[in-house]
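One letter stands for each residue in the lines below.
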Amino acid sequence: MRTSIFLVRHARSVPPTPTGPSEYQRPLTETGRGRARRLADSRAELGPGVVMSSPYLRAVRTLEPAARQWDLPIHTDQRLREWDSGIEPTPDCGRHYEQSWAHPPGEEHLSKPVVRKRSQPWMAGVNSR
C-alpha cells in the first residue's frame, strides 16, 4: 500500500517576546489565519486519513480549517515540534529571531524547508495509524 505524506510548516505566527506568550502558545497573526484558510481551500481534495501536528498552537491553528473540511481530528505529536534553543526571549529578540531564521548556519531556514532527523522515526510509523 502506498502512503503519501503532505508536510506543512505553520503559517505566520506572532514573534516571540520576553512577556509571552510561551513558545507553545504563540498564535497565528491575521495574515497567518488567512493563509491557513487558503491552505484548506487549496488542499480540500486531498482527503487524508489522518492529520498530525506538533503541539504548538500555531501549528494546530494552521491545520484546523483543513481538518474541519476533512472532518478529521488533529493528533499532536511532540516529535514534530520545532527545535528548542533553550534561550529565553529578550527585548531585542524579534530582530534576532528574524535574522536567525532567515540565514542561520546549516540547512534549515525560512526559504528552504527540510525534514528534521528527529521526525524520520515518526514518519516511519505513520503507516501504523
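Structural data are supplied above this passage.
Keep in mind that what you see is a predicted model, and the values were worked out from it rather than measured. (Residues numbered from 1 in each chain as written. Predicted model: local features only at pLDDT ≥ 70, side-chain atom pairs only at ≥ 80, totals over all residues. Heavy atoms only, no water.)

### Topic: the overall build of the chain
Piece 1. Regarding its fold elements, the chain presents four helices and two strands.
Piece 2. Seen in sequence order, the chain has helices and strands lined up from the N terminus as α-β-α-β-α-α.
Piece 3. Per-residue burial for the chain yields a buried fraction of 29% across its 129 residues.
Piece 4. Partitioning the contacts of the chain with sequence separation of at least 6, the portion at a separation of at least 24 is 59%. (Helix = DSSP H or I, 4+ residues; strand = E, 2+ residues; numbered from the N terminus. Buried < 20%, exposed > 50% of the residue type's maximum accessible area, 1.4 Å probe, protein only. Contact = heavy atoms within 4.5 Å.)

### What about the packing of aromatic side chains?
Two descriptors summarise a pair of aromatic rings, namely the distance from one centre to the other and the angle between the planes of the rings.
Piece 1. For the structure on display, the rule yields one aromatic pair.
Piece 2. For the cation-ring pair, R58 lies above Y56, with the distance from its terminal atom to the ring centre recorded as 4.4 Å. (Phe/Tyr/Trp six-rings, centres within 6.5 Å; stacked < 30°, edge-to-face > 60°. Lys NZ or Arg CZ within 6 Å of the ring centre and 35° of its normal.)

### As for the side chain of R58
Piece 1. Looking at the secondary structure, you find R58 in helix 2 (residues 57–70).
Piece 2. Given a relative accessible area of 0%, R58 falls into the buried group.
Piece 3. With residues near it in sequence (within four places) discarded, R58 still touches H10, S13, E23, R26, L28 and E82.

### Description of the environment of L39
Piece 1. Position of L39 among the secondary structure elements: in helix 1 (residues 30–42).
Piece 2. Judged by its relative accessible area of 17%, L39 falls in the buried class.
Piece 3. Residues L39 and A11, spaced 28 residues apart in sequence, show a C-alpha to C-alpha distance of 9.4 Å.
Piece 4. L39 has contacts with F6, V8 and T62, leaving out every residue within four places of it along the chain.

### Considerations on unusual backbone geometry
Piece 1. With omega at 0°, the peptide bond leading from G20 into P21 counts as cis.
Piece 2. Structurally, P21 is set in the segment before helix 1.
Piece 3. Even without being a glycine, D71 presents a positive backbone phi close to 55°.
Piece 4. Looking at where D71 falls in the secondary structure, it is placed in the loop between helix 2 and strand 2 (74–76).

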